[in-house]
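Fold and contact review
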Amino acid sequence: MKNVKLAIWVLDVDVEKTLHFNQNKLEVCDCLYCQNFSAVIQQKHPLLREKLLELGIEAATPNHVSYFPGNKDGQQLAIGNYQFSGTLLEGKWSTMEDWNAGNTAEVDGMQIGLSKEMELLPDNFPEPVIQVNFEFSMPWVLEEDPEESQ
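My aim in this report is to walk through the structure given alongside it, one point at a time. The structure presented is a predicted model; accordingly, all values stated were derived computationally and were not measured.

Some thoughts on the pattern of salt bridges
Applying the stated criterion across every chain yields a total of two salt bridges. Notably, a salt bridge pairs Lys17 with Asp14, separated by 4.0 Å at the nearest N-O pair. You can call Lys17 partly exposed: its relative accessible area is 43%. Ionic pairing is found between Glu54 and Lys51, a salt bridge with its closest N-O pair at 3.7 Å. Accessibility expressed as a relative area gives 24% for Glu54, which makes it partly exposed.

Comments concerning the side chain of Asp12
Along the chain, Asp12 falls in strand β2 (residues 9-13). Of the side chains bearing the opposite charge, Lys2 lies closest to the buried Asp12, which forms no salt bridge; the N-O distance is 9.9 Å.

Conventions we followed
- Residues numbered from 1 in each chain as written.
- Predicted model: local features only at pLDDT ≥ 70, side-chain atom pairs only at ≥ 80, totals over all residues.
- Heavy atoms only, no water.
- Salt bridge = Lys/Arg side-chain N within 4 Å of Asp/Glu carboxyl O.
- Buried < 20%, exposed > 50% of the residue type's maximum accessible area, 1.4 Å probe, protein only.
- Helix = DSSP H or I, 4+ residues; strand = E, 2+ residues; numbered from the N terminus.
- Lys, Arg positive; Asp, Glu negative; His and termini not counted.

It is worth stressing that arrangement in space is one thing and function is another; only the former is reported here.
And the structure:
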């Protein structure tokens, strides 16, 4: 376990267990929307990738993500979560229902909050578990249009 400072939180994290699980057991969706999410993270958000990797999380492959139609600027809203093995030492918990400026933080364009409430936790995920909920507005960067492939 190692202490990690992430925005407004201090955590005790088992990076190796989380990385091992995510690299070997996490099922990753390969739909166009998830491919776009991954491409945006890899192309435009190096700080986010670095900060989440300190927790053992590969930012381009969330545990769960849902997408909502683009706004007037062509940005698409993605909400979802990651999980990691660790404990909260300092900071406030949040949930998607109790999501506010006091218990969430922005990390390289992604609004995140930490929760004890698990959504779609994979079987046998190493405990103790913390969920990182997120909201993320992103452009469409892939050449293929998802509307044309349906």
